[in-house]
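# Structural overview for review
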Amino acid sequence: GLGRVACWLNGCCYGKACSLDSGFAFRLPSQIFAFLAEFAIMGALLALERAREANPKSQSKKLTALFRKPGAVFVVWLALHGGSRLAMEAMR
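Since we're looking at a predicted model, the values are computed, not measured.

Let us now look at the pattern of salt bridges. In total, this model carries one salt bridge according to the counting rule given. Close ionic contact of arginine 85 with glutamate 89 constitutes a salt bridge, the shortest N to O distance being 3.0 Å. One end of the pair is arginine 85 and the other is glutamate 89, both in helix α4 (residues 72-91) and four residues apart, which spans about a single turn. Residue class for arginine 85 comes out partly exposed when judged on its relative accessible area of 28%.

Here's what the structure looks like:
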């Protein structure tokens, strides 16, 4: 996420050109969207990790049991990060 803030400050990696009906044209700040997406992913992963540690012995729900396996948070990160990168590249 911080790398995308550096892209925004440097002025590179902008998205597609857009224009409004009023004739105003601009480029999508895809670096800012990427930073916000990574920040949201970090929040989701921290919430998942906190839920895992809240009651480590509870195996009552199958979904909770699934996320207790080693590497589960990493797999969730791979899925979320990959999806956000696909969305960002579609905007660029």
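Glancing now at the packing of aromatic side chains. Pairs of aromatic rings are described using the distance from one ring centre to the other and the angle between the two planes. Evaluated as defined, the whole model comprises two aromatic pairs. Centre to centre, the rings of phenylalanine 35 and phenylalanine 39 are 6.3 Å apart; their planes meet at 25°, and the pair counts as stacked. Residue phenylalanine 35 and its partner phenylalanine 39 are both found in helix α2 (residues 30-54); the two are separated by four residues, about one turn of the helix.

Parameters and conventions
Residues numbered from 1 in each chain as written. Predicted model: local features only at pLDDT ≥ 70, side-chain atom pairs only at ≥ 80, totals over all residues. Heavy atoms only, no water. Salt bridge = Lys/Arg side-chain N within 4 Å of Asp/Glu carboxyl O. Helix = DSSP H or I, 4+ residues; strand = E, 2+ residues; numbered from the N terminus. Buried < 20%, exposed > 50% of the residue type's maximum accessible area, 1.4 Å probe, protein only. Phe/Tyr/Trp six-rings, centres within 6.5 Å; stacked < 30°, edge-to-face > 60°.

Function cannot be inferred from these measures alone, as they are strictly geometric.
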